[in-house]
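What follows is the residue order along each chain.
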Amino acid sequence: MQDLQAYTPGEQPADKRIVKLNTNENPYPPSPRVIRAARTFTAARLRLYPDPVSRKLRSKIAEIHGCGIENVFAGNGSDEILALCTRAFVEDSGSIGYFIPSYSLYPVLADIRAVCKNPVALGAGFQWRMPGGYSASLFFLTNPNAPTGILYPKAEVRKFCASFKGVVLIDEAYVDFSREHCMDLALKYKNTLVMRTLSKSYSLAGLRAGYAVGAKPLIEALFKIKDSYNMDALSQTLAHEALSDIRYMKSNVARIRKTRARLTESLNGFGFLVYPSETNFLWVKPFRISANQLFERLRERKVLVRYFKGPLTGDFLRITVGTDEDADRFLQVLGRIM
Ligand SMILES: Cc1ncc(COP(=O)(O)O)c(C=O)c1O
């Protein structure tokens, strides 16, 4: 454990004047229903323990996805669910797989669990590539992928879930910004979970709420090992309100997609390579300046984006799509740098 490399979260600067495009948060506020419920949350409710199995919230999620409450697990952010999966579905002698690059928490979770990592390098242009005969106990499949923003062909994902011998967790953190999802696979295959978060499309990263949907035995396994009260009362209530206002979420997503298209076009205009994004961020290879250099120059001018050093990711920047005003400011600063 002394050698363990902890996960590095994106910076949360104290300076509020910074244009913050580094952690894929939603630039718009959560639904007014959420704010109203937060204001009327009473002291009396805080005195009592929350529902240990988040029944009301899970019923809402089951209603949304057309499944039973027994097919739904609700967690303290989707990061909690990822950690629980490493304990529920991997023997001490087992292994955890994931694509590289993808969410940088996965290898950290494997190290915490002290099991083997079995990463798969993506194909050219960060496209889907699964070697024949590949095996692992648990595979974390980010779709659309982060940090590349690329959506994998559903036929490939389906084929993989159908033939993989271990458990597949499809991490759909960014799926509301995408044109396609894989929820049906979780309801079809006994080895497949689909995980969602309220941190991105629902603007609730500060709340910590996520969920997984899948076959009853997988969900039961997560329940067996979770903390007694893994979701606090406020999170359960506010997550329920957010999920009761999908229309509001979709209207914010539409705005972000519009800004995403504009930002993509402008960055192409600078000669930058921009991958087609199905998320709320762009994966960008700058032109005439190194990614690291551009990251530093933007930072000096109070624009924060994300840079992941390393051979696969070191030539790129991950830029969160904020508001139109954020985009204007970013492009103005970029223009001056370039
Ligand atoms: C791919 C992916 N999965 C999961 C998460 C974690 O989400 P949550 O805030 O629900 O823990 C993130 C957060 O950035 C992410 O990028």
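Our subject in this report is the structure included herewith.

Quick notes on the rules
Residues numbered from 1 in each chain as written. Predicted model: local features only at pLDDT ≥ 70, side-chain atom pairs only at ≥ 80, totals over all residues. Heavy atoms only, no water. Helix = DSSP H or I, 4+ residues; strand = E, 2+ residues; numbered from the N terminus. Buried < 20%, exposed > 50% of the residue type's maximum accessible area, 1.4 Å probe, protein only. Contact = heavy atoms within 4.5 Å. Expected span 1.5 Å × (residues − 1). Pairing = 2+ DSSP bridges. Axes fitted to C-alpha atoms, helices over the stretch in contact; angles between N-to-C directions. Phe/Tyr/Trp six-rings, centres within 6.5 Å; stacked < 30°, edge-to-face > 60°. Lys NZ or Arg CZ within 6 Å of the ring centre and 35° of its normal.

1. Quick word on the overall build of the protein
1) Next: In terms of helices and strands, the protein carries twelve helices and twelve strands.
2) Next: Across its three principal directions, the C-alpha atoms of the protein cover 55 × 55 × 40 Å.
3) Next: For the protein, with 338 residues in total, the buried portion stands at 55%.
4) Next: Of all intrachain contacts in the protein linking residues separated by at least 6 positions in sequence, the fraction that spans at least 24 positions is 71%.

2. Remarks on helix H10 (residues 246–269)
1) Next: Its 24 residues give H10 an end-to-end C-alpha distance of 35 Å, which sits within 8% of 34 Å, the value for a rise of 1.5 Å per residue.
2) Next: Residues Met 249, Asn 252, Val 253, Ile 256, Thr 259, Arg 260, Leu 263, Thr 264 and Leu 267 constitute the buried set of H10.
3) Next: Buried residues belonging to H10 abut strand E9 (273–274), strand E10 (281–285), strand E12 (317–320) and helix H12 (324–337).

3. A word on the sheet that holds E10
1) Next: Taking strand neighbours across the sheet as the criterion, the three strands line up as E9-E10-E12 in an open arrangement whose pairing is antiparallel. The outermost strands of the open sheet, each flanked by one partner alone, are E9 and E12.
2) Next: Alignment of E10 against E12, held across four bridges, turns out to be antiparallel. When the bridges of E12 are listed, Trp 283 appears paired with Arg 318.
3) Next: Sheet contacts for H10: E9, E10 and E12; angle to E10, the most-contacted strand, approximately 10 degrees.

4. Comments concerning the packing of aromatic side chains
1) Next: One pass over the structure, following the stated rule, counts 24 aromatic pairs.
2) Next: Ring plane angle 15 degrees and centroid distance 4.6 Å describe the contact between Tyr 49 and Tyr 229, whose orientation is recorded as stacked. Within this pair, whereas Tyr 49 is found in the loop between helix H2 (43–47) and helix H3 (55–65), its partner Tyr 229 is found in the loop between helix H8 (216–225) and helix H9 (233–243), the two being separated by 180 residues in sequence.
3) Next: It is Arg 255 that lies over the ring of Tyr 28; its NZ or CZ is 3.8 Å from the centre.

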